[in-house]
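# An overview of the molecular structure
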Amino acid sequence: LDNVQFGKLYSDHMFKAVYNKDGWGQFNILPYGNISVSPANQALHYGVSVFEGMKAYKHADGSVALFRPRDNWKRINKSAARLCMAELPEEVFMEGLTNLLKLDSAWVPDRDGFSLYIRPFMFSSEEYIGIKTSEYFNFMIITSPVGSYYSQAVKVKIEMEYARAVKGGTGYAKAAGNYAGALYPTKLATKEGYQQIIWTDGREHKYIEEAGTMNLIFEIDGKIVTPELTDTFLPGITRDSVLQISRHLGYETVERKVTVDEIVTALKEGRLNDAFGVGTAATVTHLSHIGFEGVDYELPPVPSREKSNRIKSMLDDIKTGKIEDPFGWMVKI
């Protein structure tokens, strides 16, 4: 585990299901390995592909538990609907997932800070390069033991030129093309010394949306504040979990529009006490600096950020079974 890089090592097996005119079938758990597709595959040409990210954890008694798996099933279907893909029945998702994890349970790390990352994905298997709604799909699940995606707080910049998504688009879906389109502006930002970018709305670049592959949460004047959900960015399961924990702990928690001007002003005036990204891979990742128009604003030291550290600790303890799960999130295998 000391040498595991995120997404570089994969478990022994993978689950596969096939959809055709007769519905879902051909359910198989196979040795992990390469797959064969037609050069005319619609996923290769038109990005007819969606995915999810989730994790499994090893508890002290040796059992394996999943974090909110049915929420991932619901979300992959929302993404699939946006791309005119087949609906995935709950039993296919859950039975494929649980049987795969039973077989590969030894791959779930039993060390603090580690987990088994799970990647369910669906793509068109249609052999046709005309643009039309596909009638054939593959659904697969692969898994990978991982540590932290970010080993320390990250430096980000507010993006004011490029856009990730616009109203009416696919921003809320976990569609493959959303992430491909984000690579170039992120690459430009890394050349300037940033690790990620904060996306703003595509129309005016006035409102804060999300950071890289993470939802964003701020602490402003002691309040937990996050951009309200729209159809332009992902409705994160970790985001929802963090907000529920925040309210459970008695913190004033607000979901509303958040402007770039508000964030920059709060940084200048010292009223922005914390900023962190949340997501399956990132979990809770603190921001160290926020860059805007050539100026880097430094945030308070991570150890001093009481609220986010307490939220992160409770979330981690629920996932790993160290404390009781008051929300009913964990599903034991």
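These notes cover the structure that comes with them. All values reported here derive from a predicted model rather than from experimental measurement. (Residues numbered from 1 in each chain as written. Predicted model: local features only at pLDDT ≥ 70, side-chain atom pairs only at ≥ 80, totals over all residues. Heavy atoms only, no water.)

## Brief notes about the side chain of Thr226
To keep things clear, this is the line we draw: Numbering of helices and strands runs from the N terminus; a helix is a DSSP stretch of H or I covering at least four residues, while a strand is a stretch of E covering at least two. A simple rule labels every residue: compare its accessible area, found with a 1.4 Å probe on the protein chains alone, to the largest value its type can have, and call it buried under 20%, exposed over 50%, or partly exposed in between. We call two N or O atoms a polar contact when they sit within 3.5 Å, provided that within protein one can donate a hydrogen and the other can accept it, with sequence-adjacent residues counted only if both atoms are side-chain atoms. Any two residues whose heavy atoms approach within 4.5 Å are treated as being in contact.
If you trace the backbone, Thr226 turns up in strand β12 (residues 223–227). For Thr226, a relative accessible area of 1% puts it in the buried group. Here Leu216 takes part through its backbone oxygen, which lies 2.6 Å from a polar atom of the side chain of Thr226. Not counting residues up to four positions away in its chain, the partners in contact with Thr226 are Leu216, Ile217, Arg239, Leu243, Val254, Glu255, Arg256 and Val258.

## Looking at a nonpolar patch on the surface
To keep things clear, this is the line we draw: Any residue with relative accessible area above 30% and no salt bridge may belong to a patch, with like charges joined within 9 Å and the nonpolar Val, Leu, Ile, Met, Phe, Trp and Tyr side chains within 5 Å. Only the protein chains shown count as cover for residues, and the accessible areas themselves come from Shrake-Rupley with a 1.4 Å probe. Here, a salt bridge means any Lys or Arg side-chain nitrogen found within 4 Å of an Asp or Glu carboxyl oxygen.
Side chains of Ile35, Val37 and Leu44 sit close together on the surface and give an oily, nonpolar patch of about 260 Å² of accessible area. Of note, Ile35 is situated in the loop between β2 (23–31) and α1 (42–46). Judged by relative accessible area, Ile35 falls into the partly exposed class, the value being 42%.

## What to know about the environment of Asn309
Within the secondary structure, Asn309 is located in helix α8 (residues 306–319). The spacing of Asn309 and Val284 is 25 residues in sequence and 8.7 Å in space, taken between C-alpha atoms. Those residues in contact with Asn309 that sit more than four places away from it in its chain are His286, Val302 and Pro303. At 2.9 Å, the side chain of Asn309 and the backbone oxygen of Arg305 are in polar contact.

## Remarks on the pattern of salt bridges
A full pass over the atoms with the stated rule returns 21 salt bridges. Here Glu210 and Arg164 are joined by a salt bridge, their closest N and O atoms 3.0 Å apart. Taken together, the residues Glu210 in strand β10 (residues 208–211) and Arg164 in the loop between β8 (154–158) and α4 (176–180) connect sequence positions 46 residues apart. Salt-bridge contacts for Arg305 lead to Asp274; the nearest nitrogen and oxygen are separated by 2.9 Å. Of this pair, Arg305 sits in the loop between β16 (295–298) and α8 while Asp274 sits in strand β14 (residues 272–279), placing them 31 residues apart in sequence. On the basis of relative accessibility, which here comes to 3%, the residue Arg305 falls in the buried class. Sharing partners across several salt bridges, the network here consists of Arg68, Asp71 and Asp240.

## Describing the pairing of β14
What counts is decided by this rule: By this definition, two strands are paired if DSSP reports at least two bridges between them.
The element β14 is extensively covered by neighbouring structure, given that seven of its eight residues are classed as buried. Bridge count between β14 and strand β15 (residues 283–292): four bridges; the pairing is antiparallel. Its bridge partner lying in β15, Gly279 is registered against Thr283. Where β14 folds back onto β15 in an antiparallel hairpin, the turn is made up of three residues.

## Focus on the nonpolar core
What counts is decided by this rule: Among buried residues, the Ala, Val, Leu, Ile, Met, Phe, Trp, Tyr and Cys ones that are joined through side-chain atoms within 4.5 Å form a nonpolar core.
In this structure, Met122 and Phe139 are the most contacted members of the largest nonpolar core, which totals 32 residues. Those elements that place two or more of their residues in this core are β1 (13–20), β4 (54–58), β5 (64–67), α2 (69–82), α3 (90–103), β6 (115–124) and β7 (137–146). Sort the elements by how many residues they give to this core and α3 lands first, with six residues. Membership of the second largest hydrophobic core comes to 26 residues, among which are Val156, Ile263, Val264 and Leu267.

## Some remarks on a positive patch on the surface
In plain terms, the rule: Charge assignment in this entry is limited to Lys and Arg as positive and Asp and Glu as negative, and neither His nor the chain termini are counted. Where a charge sits is defined by one atom per residue type, namely NZ (Lys), CZ (Arg), CG (Asp) or CD (Glu).
Among the surface-exposed residues, Lys167, Arg203, Lys206 and Lys257 lie close enough to one another that they form a single positively charged patch. Tracing the backbone shows Lys206 in the loop between β9 (196–200) and β10. A relative accessible area of 38% places Lys206 in the partly exposed class.

## A few points about the packing of helix α6 (residues 237–248) against α8
This is how the line gets drawn: Axes here refer to lines fitted to C-alpha atoms; in helices the fit is confined to the stretch in contact. Angles between the N-to-C directions go from 0 to 180 degrees. Throughout, the term roughly parallel applies to angles under 35 degrees, roughly antiparallel to angles over 145, roughly perpendicular to angles from 65 to 115, and oblique to all others. Each crossing is labelled by how the near helix is turned from the far one, with a counterclockwise turn of less than a right angle marking it left-handed and a clockwise turn marking it right-handed.
Taken N-terminus to C-terminus, the directions of α6 and α8 make an angle of 115°; their axes are 10 Å apart at the nearest point. Taken together, α6 and α8 sit at an angle that is classed as roughly perpendicular. Relative to α8, the crossing made by α6 is right-handed. Within the contact between the two elements, α6 uses Thr238, Ser241, Val242, Ile245, Ser246 and His248 and α8 uses Ile311, Met314, Leu315 and Ile318.

## Some thoughts on unusual backbone geometry
Residues other than glycine seldom take positive phi values, yet Asp221 does so here, at roughly 55°. Relative to the elements of secondary structure, Asp221 occurs in the loop between β11 (214–220) and β12. One non-glycine residue, Glu293, adopts positive backbone phi at about 50°. Take Glu293: it is sitting in the loop between β15 and β16.

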